[in-house]
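Examining the three-dimensional arrangement
This is what each chain is made of:
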Amino acid sequence: MGLRVGVVTGNHEPGIGGAWTFSATLTKALKTAQCPHAFLILDRVAIGMSHRKNDGLEAIARSERIDLMWLMEPWSEPLSVPYIATVWDLEHRKQPYFPEVSTTGWTWSARENVYNALLPRASMIVTGTQAGKEEVIRYYHVNSANVMVIPFPAPAGTLLVQSLDAAGIKEKYRLNGDFLLYPAQFWPHKNHVNLLRALRLLRNQTDLDLSLVLTGSDQGNLDYVMKHIVELGLGDRVFVPGFVPREDLNALYRASAALVFPGYFGPDNFPPLEAFALSCPVIAANIPGAEEQLGQGALLFNPSDPSDIAAKIQHVCRNSGLRAQMISKGNEIAKLRTSQAYIAGLCSFLDRFEAIRRCWGAAYQHL
């Protein structure tokens, strides 16, 4: 008969960040999934649940006769009903010196409290790479059989609709010539500063004439980045339009010379997958798990070395054959990393868990 699965999505603004991309990519596909299990989408905003709190989920699980909850977000309180936890990264453990995982926003202690409570009780933990699985086991000592690797899906369909062609998007944002794209909110770990230093090296040491477009919302580090743009003499080469609509971002991907993704956090990131799907070559930080996630679709660099970043940008932008090969490899990865493939991986667990879940009835629920 199949399980009744409650799918708890995020409460993020449309188009902002990987959380929104992940939820939007998968919730649409769940509605037409070829799977014997029934999915009930529970949007946090629609049902009034607070961020990081599972207010009311127990009551919903009872009234809707939910057998299993899938928590799409990497932050939630544990439930008495069986649940799947999704983990994107554990960077507060790996790089606790970054303020955004230590002292501001969701602090180090708050993250630890959530993960220590959530992960050991999960029926299954889902992460996108083997590197991510090893981190979950190392830091939280869970049973390795309870951690499942399903590669994160690349966006498709309406998520890839663009607003304008290359000429139109350049005119709209007043861009001249070739440009690099980095869509990222302005957090310290996004590593804008070393990318700016790489751009200065390209400008001073080569005749490669490139601009840089930095899209994204300010999370406290924008003024610091802007100061560096001025100090490095890049005011005429760096464009900071802030948050741009999803359709415009897609057009910027397609029109750009390459996506440069220097962020320190991982191992799973969404912009490279978006770039793959939009035929944009990817130059990315060589962080643990990056090669596993991006394969031959990306050229990797040391994110702490501006000269290496600059060298890899120059290599891609001067070699049309390499650029075409990277686009082709990226397209292949995007075609394999579909939302349907992700759901099929999840359903393989649900199929196995159904035989276990049938062993107890409502009398044991929420005790």
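So, a few notes on the structure that sits alongside this text. All values reported here derive from a predicted model rather than from experimental measurement.

**Focus: the packing of aromatic side chains**
The full count for this structure, using the stated rule, is 15 aromatic pairs. Taken together, a centroid distance of 5.5 Å and an interplanar angle of 85° make the contact between phenylalanine 98 and phenylalanine 265 edge-to-face. Of the two residues, phenylalanine 98 sits in the loop between α3 (91-94) and α4 (108-118) while phenylalanine 265 sits in the loop between β10 (258-261) and α10 (271-277), which places them 167 residues apart along the sequence. Note on phenylalanine 98: relative accessible area 11%, which makes it buried. Taking NZ or CZ as reference, arginine 93 lies 5.1 Å from the ring centre of tyrosine 140, over its face. When the ring centre of tyrosine 139 is taken as reference, the NZ or CZ atom of arginine 138 above it lies at 5.3 Å.

**Things to note about the packing of helix α12 (residues 306-318) against helix α13 (residues 320-336)**
For the pair α12 and α13, the least separation of the axes is 5 Å and the interaxial angle reads 95°. The angle between the axes of α12 and α13 places the two elements in the roughly perpendicular class. Contact residues: α12 offers His315, Val316 and Arg318, while α13 offers Ser320, Leu322, Arg323 and Met326.

**Overview of the nonpolar core**
Counting 117 residues, the largest nonpolar core has Phe22, Met69, Trp70, Ile84, Leu119, Ile313 and Leu350 as the members making the most contacts within it. When residues of this core are assigned to their parent elements, the largest contribution, seven residues, is made by helix α14 (residues 339-357). Other than its neighbours up to four places away in sequence, leucine 350 contacts Leu3, Val5, His37, Phe39, Leu68 and Ile84.

**Regarding the pairing of strand β9 (residues 238-242)**
Relative to β9, strand β8 (residues 211-215) is paired through three bridges, and the arrangement is parallel. Bridging from a neighbouring strand, leucine 212 pairs with valine 238 of β9. The β-α-β motif built from β8, the intervening helix α8 (residues 222-231) and the parallel element β9 has right-handed crossover chirality.

Thresholds, definitions, all that
- Residues numbered from 1 in each chain as written.
- Predicted model: local features only at pLDDT ≥ 70, side-chain atom pairs only at ≥ 80, totals over all residues.
- Heavy atoms only, no water.
- Phe/Tyr/Trp six-rings, centres within 6.5 Å; stacked < 30°, edge-to-face > 60°.
- Helix = DSSP H or I, 4+ residues; strand = E, 2+ residues; numbered from the N terminus.
- Buried < 20%, exposed > 50% of the residue type's maximum accessible area, 1.4 Å probe, protein only.
- Lys NZ or Arg CZ within 6 Å of the ring centre and 35° of its normal.
- Axes fitted to C-alpha atoms, helices over the stretch in contact; angles between N-to-C directions.
- Parallel < 35°, antiparallel > 145°, perpendicular 65-115°, else oblique.
- Contact = heavy atoms within 4.5 Å.
- Core = buried A, V, L, I, M, F, W, Y, C linked by side-chain atoms within 4.5 Å.
- Pairing = 2+ DSSP bridges.
- Right-handed = clockwise from strand over helix to strand, strands pointing away.

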